[in-house]
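# Inside the fold
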Amino acid sequence: MRLSFWTLVSVFAWVILIALLVVPLGSVLLSSLQDQAGDFTLANYARFVETPRFRTAFVNTLIVGFGGLVGSLLLGSAMAFCMARIEIRGSRIVSLLAILALVSPPFIGAYSWIVLFGSGGLVRQTLMSWGIFIPPIFGLWGILIVFSFKFYPYVYLLASGALANINRSLEEAAESLGLTPFRRVMKISFPLVLPAISAGGLLALIHSIADFGTPRLIGRGFNVLATEAYTLYSAEVGSNLSMATTISIVLIMLSMLFVFAQRYMSRRNVYHGNLINKPVKKKLTGFRNVAAHVVVYTIALIGAMPAIIAAIYSVRRTSGPVFHPGFSLESYRRILYNLADVVQNSLMFSFATVALIVTIGTLIGCLVARKMSINNSLLDATLMVPYVMPGIVVGIAFVAAFNSPPLALTGTAAVIILSIFIRRLPYSVRSSASALRQVSPSMEEAAISLGYSPARAFMKVTVPLILPGIIAGGMLSFVTAINELSSSLVLYVGSTATMPVRIYIAINDGDYGTAAALSTVLLVLSSTAIYIAFRLMGRDERALL
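Residues numbered from 1 in each chain as written. Predicted model: local features only at pLDDT ≥ 70, side-chain atom pairs only at ≥ 80, totals over all residues. Heavy atoms only, no water.

- The protein is annotated in an unreviewed UniProt entry as ABC transmembrane type-1 domain-containing protein of Microvirga ossetica.
- As its UniProt record puts it under Sequence similarities (unreviewed entry), the protein is described as follows: "Belongs to the binding-protein-dependent transport system permease family." (UniProt positions renumbered as here; feature names shortened; annotations may be inferred.)

Next up, the structure:
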C-alpha cells in the first residue's frame with residue numbers, strides 16, 4: 001500500500017509529538033508517582049499538600065498571577081481607551097514602545113528595575129540622599145510592578161483593536177437617549193470589549209504564572225511554583241526529581257486551567273465590527289488633553305524602560321556591580337573577548353530551532369488546516385499541551401526523559417534546541433494554519449489535476465502563496481527562541497550556555513555591565529526580527545499574541 005504525502009506528514013507529526021512531548025511528560029508524571037525505591041505512590045502529592053512551604057508557593061503563584069492580571073488590566077485598558085478614542089501625538093511611537101515592552105524578556109525588566117530601585121539602585125540612592133526613603137524593589141511588590149508593565153501590552157493590543165471596531169451609531173444612540181459619557185462607556189463600550197479585555201488579562205495571568213526569571217531575581221525569598229521546581233531540581237539533580245516533577249505537574253494543570261479560560265473568553269460573545277461608521281478620535285484641549293498624554297506616555301515609557309536602561313548602562317563605565325561616571329565600551333569588549341561563544345550558541349541554537357519550527361510547523365499547520373479528520377483534530381488538540389507548559393517544566397521533563405540511554409541527550413546542544421522547538425511549535429502551526437485558510441485549495445487541486453504530485457503541488461503552488469506568513473512566523477519564533485531562559489537554565493552545561501543564561505548568571509554575580517551589554521545585543525536582534533515580521537505582516541501587532 002502506498003502512503004500519501006499527507007499521511008506521511010501525519011505519521012511524522014505524531015512521531016515528533018510522542019518523542020518530544022508524550023515521553024517527557026510521561027516521564028514527569030511517572031516520576032511524580034514514584035518513591036525513592038521506584039514503587040507507585042501518591043506520597044509526593046500528599047507531601048505537596050501537607051508541606052507549608054509548597055502550599056505557600058502555590059498561593060504565591062496565584063497572587064503574582066492575579067496581581068499581574070490586575071495591573072495589566074488597569075494599565076492596558078487605560079492606554080487602549082486613550083489610544084483608540086483620543087488623538088495622541090506620536091501614537092506610532094507609543095505603539096512601538098508597547099511592542100518593545102512586549103518582546104523584551106521579563107528577566108531583563110527585572111534587571112533594569114534592580115539597577116534603578118535595588119538596594120544600591122540609582123534612583124533609590126538619589127532619593128535617599130534627598131531624605132526620601134523608599135524600600136528596595138525586592139519582594140512581592142517588585143514582582144507585581146515588573147509583571148504589570150511587562151504584560152500590559154496583551155490587554156492594550158486586544159482592547160484597542162476591539163474599541164476601534166465598535167460601530168459609532170451604538171454610542172450615538174445612547175447619547176441621544178441622554179446617557180452621560182461615563183454611562184455610555186459602562187453600558188455600551190465596556191460590554192462590547194469585555195471579551196477582548198478578559199482574553200488579554202488572562203494572557204497576562206498565564207505568563208505571570210509561568211515566568212521564572214522575575215520571581216527568581218526580584219523575589220528574594222518570595223517563592224512561586226516555578227522557582228520551587230527549579231530549586232528542588234538543582235538540589236536533587238542526579239538523584240531524585242520526584243518533588244520537582246510533582247510541582248511541575250501542578251504547574252501544568254494550573255496553566256492549563258487558565259489557558260482554557262482564556263480560550264473560552266476569547267470566543268465568548270465576540271463582537272465583530274462591520275468596519276463602517278467606526279469611532280472618530282476626539283481632539284481634547286486643556287487639562288484633559290495633557291492628562292491623556294501624560295497617562296499614555298508614562299505607561300509606555302515605564303514599560304519600555306528595561307530596554308532603554310539596558311542600552312544606556314551597557315555603555316557606562318563599570319567595575320563589577322559598581323557603575324562609575326563616564327561612558328565606555330568595556331562591557332562590549334568583555335563580550336567580544338570572553339563571551340563570544342555564548343553569543344554564538346544563542347544564534348546557532350535559535351537558527352536551528354527556527355529552521356525546524358518553520359519546516360515542520362508549516363507542514364503540520366497545512367495538515368490541520370486542509371485535511372479535516374478526527375486524527376488531525378486530535379493532533380491539533382495535542383499541540384495545545386506544549387503551549388501551556390512553562391519553560392521550567394519543559395526543562396525538567398527533558399532531563400527526566402533524556403538523561404539516560406537510549407536517548408541520553410542532556411548536556412548537548414540538541415536537547416536545548418529540541419526543548420525550544422517543541423515549546424514554540426504550536427505558535428508556528430497556528431500561524432501557518434491561519435495563513436493557509438486565506439488561500440483557496442482550488443489552485444493546489446488544479447496543479448494535482450495537471451499531473452503534479454501532492455508534495456510538488458504543495459511546494460510549487462501553496463508555499464509561495466503563504467511564504468510571507470511563514471517568514472513572519474519564523475521571525476517571531478526567532479525572537480522567542482533567542483530569549484528563552486527557563487528551559488535553557490535547566491538544560492545547559494558550560495559549553496552550551498546561551499545569552500539569557502549568561503545574563504541571569506551575570507545579574508546574580510553583580511556583573512551588571514556585562515548583563516546590560518548582553519541584554520542590549522538580545523534586544524537589537526529581537527527588534528530586527530520584529531521589524532522584518534511587521535514588514536511582512538502589514539504591521540499587525542496583535543500577531544505577537
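There is more to say after this.
## Section: the domain arrangement of the protein
- With domains assigned, the protein is organised as domain 1 (1-22 + 330-544) and domain 2 (41-315).
- Measuring from the centre of the C-alpha atoms in domain 1 to the corresponding centre in domain 2 gives 25 Å.
- With 39 residues of domain 1 at the interface, the matching set in domain 2 holds 40 residues.
- Between domain 1 and domain 2, roughly 3,500 Å² of surface is buried when both sides are summed, and carbon and sulfur atoms account for 77% of that area.
- Linking domain 1 with domain 2 are zero salt bridges.
- Taken together, the links from domain 1 to domain 2 amount to four residue pairs in polar contact (both at pLDDT 80 or more). (Domains from an automatic or database assignment. Contact = heavy atoms within 4.5 Å. Buried area = accessible area lost by both parts, 1.4 Å probe. Salt bridge = Lys/Arg side-chain N within 4 Å of Asp/Glu carboxyl O. Polar contact = N/O pair within 3.5 Å; in protein donor to acceptor, adjacent residues only side chain to side chain.)

## Observations concerning the pattern of salt bridges
- Using the criterion set out here, one finds five salt bridges in the structure.
- In this structure, Glu330 and Arg333 form a salt bridge, with 2.7 Å as the shortest nitrogen-oxygen distance. Residue Glu330 and its partner Arg333 are located together in helix α14 (residues 330-338), separated by three residues, close to a single helical turn.
- Here Arg333 falls in the partly exposed class, since its relative accessible area comes to 40%.
- Linking Arg423 and Glu484 is a salt bridge whose minimum nitrogen-to-oxygen distance equals 2.7 Å. Here Glu484 lies in the loop between α21 (454-482) and α22 (486-491) and Arg423 lies in helix α19 (residues 413-436), a separation of 61 residues in the sequence. Each of the two residues, Arg423 as well as Glu484, counts as buried. (Helix = DSSP H or I, 4+ residues; strand = E, 2+ residues; numbered from the N terminus. Buried < 20%, exposed > 50% of the residue type's maximum accessible area, 1.4 Å probe, protein only.)

## Re unusual backbone geometry
- Backbone geometry places Arg220, a non-glycine residue, at a positive phi of 50 degrees.
- Here Arg220 shows up in the loop between α10 (213-218) and α11 (225-236).

## Details of the side chain of Thr353
- Here Thr353 shows up in helix α15 (residues 340-370).
- Every residue in contact with Thr353, bar those within four places of it in the chain, is listed here: Ile417, Ile420, Phe421 and Ala481.

## Notes on the environment of Ile197
- By the secondary structure assignment, Ile197 is in helix α9 (residues 181-210).
- The class of Ile197 is buried, set by a relative accessible area of 11%.
- Separated by 139 residues in sequence, Ile197 and Phe58 have C-alpha atoms that sit 26 Å apart.
- Dropping the residues within four chain positions of it, Ile197 is found in contact with Leu73, Ser77, Val155, Ala159 and Phe190.

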